[in-house]
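# A closer look at the structure
So you can see what is in the structure, the chains are spelled out below.
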Amino acid sequence: MIEDTMLLNQKDIQSLVTMEDVIECVDKTFQGMGNGTVVNPTKVNLDLGETAAYPPYSGFMNAMPAYIGWNDSAGIKWAGGFFGERKKLGLPYITSLILLIDPRVGNFRAVMDGAFITNYRTGAQTAVALKYLYGKGKKIRLGLYGAGVQGHTQTMAISALFEITEVKVFDMNREAAEKYARDMESYVKGPIQVMSDARSAAVDVDVAVCVTQSKSEFFRNDWFKPGMLLFPMGSYQECDDACIETADRIVVDHIGQALHRGALAKLGTSGKISEKNIYATIGEVAAGKKAGHFSGGERVICVPIGTGAMDISVATLAWQRAKEKGLGGRFKFV
């Protein structure tokens, strides 16, 4: 019997999955990407004025399909970010829906909000990558660029697997950074310092995470010290070319995407770096096909640009739990 399509809003999903759940889903999905049981085509980008001159809407949308072998689910996330009119209306930057199908027969299992899952899985990606590249349970001094929603979820996720002994946070909006410091007190064992300049947030840290909308290459190579893991995760290039060109290792979540969007896009599209410059994917490390836990002196760049597979795996868990608890609406599309 084919069930009606389930409808889940953001509040429903928040009641169904925790950050720990999301981390587990992301971990299993990275392993699946490494062993070939997850299918994740390169995302398709629709530029609605993010960088293009036309149309002038200061936004973009991505279509991100995936099949997840470990929970036998498939779906697509249709998501993007907008400034312009959306910002004027006071709406969050990210807008997103996730559609799930039964991969055996193709019926739509669920349609749900994707913004909450996007923010949580983005944080979880960093935490899981650190588990394999840095070593679970170790203490971390964190330098954070961007104190918005994803700055919060980065901290929440990392604190689930590591003891964060110190955070140095920088945001162009100091009020946002100060709010972050108040909000994250319970997740950080030591002090949270709001820095007045970007350079200071990189001093004496083990991990630097950039989750900004900056279009300038603000993170400089001379800040990138031996032993540091750098995560430039924004939509644009947040670190200068020299950081990328002189890194001891580059690790990505998806080679096809990473060379054409985000931190590596400019060097990738110009041919200055290519797949041969990528040490490994996170999936290859998670599946044990490439070594992780690098030596203390290596400078490592990790770029989890974001894949639909992570969203679909978390969305499937939310759908399964909603069925068990009788949550969500139902709609017969056909």
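Quick caveat: nothing in here was measured; it's all calculated off a predicted structure.

A word on the side chain of serine 200. Among the secondary structure elements, serine 200 is positioned in the loop between β10 (192-194) and β11 (207-210). At 2.8 Å, the side chain of serine 200 forms a polar contact with the side chain of aspartate 197. In this view, serine 200 contacts Lys168 and Met195; residues no more than four positions away in its chain are not counted.

The two faces of strand β15 (residues 300-303) match: Val300 and Cys302 on one face and Ile301 and Val303 on the other face are all buried. Strand direction decides the pairing type here: strand β13 (residues 249-252) and β15, joined by four bridges, are parallel. Note on β15: the bridge partner recorded for isoleucine 250 is isoleucine 301.

A few words now on the nonpolar core. Of all hydrophobic cores here, the largest spans 72 residues; its most connected members are Met112, Leu130, Leu142, Val167 and Phe231. If one sorts the elements of this core by residue count, helix α4 (residues 115-135) sits on top with 11 residues. When residues no more than four places from it in sequence are discounted, the contact partners of leucine 142 are Thr155, Ile158, Ile164, Glu166, Val167, Lys168, Val205, Val207 and Val209. With 31 residues, the next largest nonpolar core counts Phe224, Ile250, Val303 and Ile305 among its residues.

Our focus in this paragraph is the environment of valine 111. In this fold, valine 111 is placed in strand β7 (residues 108-113). Judged by its relative accessible area of 18%, valine 111 is buried. Along the sequence, valine 111 and lysine 215 sit 104 residues apart, while their C-alpha atoms lie 33 Å from each other. Not counting residues within four places of it along the chain, the set of residues in contact with valine 111 comprises Thr5, Met6, Leu7, Leu8, Leu97, Ile98 and Leu99.

Here is what the cut-offs are and how they apply
- One numbering rule holds for all chains: residues counted from 1, following each sequence as written.
- At least 70 in pLDDT is required for a residue's local features to be given in this predicted model, at least 80 for side-chain atom pairs to be given and counted, and no such filter applies to totals for whole chains, interfaces and linings, which use all residues.
- Heavy atoms from the whole structure form the basis of all side-chain values; hydrogens and water molecules are not counted.
- In this text, helices come from DSSP runs of H or I with a minimum length of four residues, and strands from runs of E with a minimum of two, each type numbered from the N-terminal end.
- Polar contact criterion, stated in full: a pair of N or O atoms within 3.5 Å, where within protein one must be able to donate a hydrogen and the other to accept it, and residues adjacent in sequence count only if both atoms are side-chain atoms.
- Any pair of residues with heavy atoms lying within 4.5 Å of one another is described as a contacting pair.
- Each residue is assigned to one of three classes by its accessible area relative to the maximum for its type, calculated with a 1.4 Å probe on protein chains only: buried under 20%, partly exposed between the two thresholds, exposed over 50%.
- DSSP calls a pair of strands paired once it identifies at least 2 bridges connecting them.
- In this text, buried Ala, Val, Leu, Ile, Met, Phe, Trp, Tyr and Cys residues form a nonpolar core when linked through side-chain atoms within 4.5 Å.

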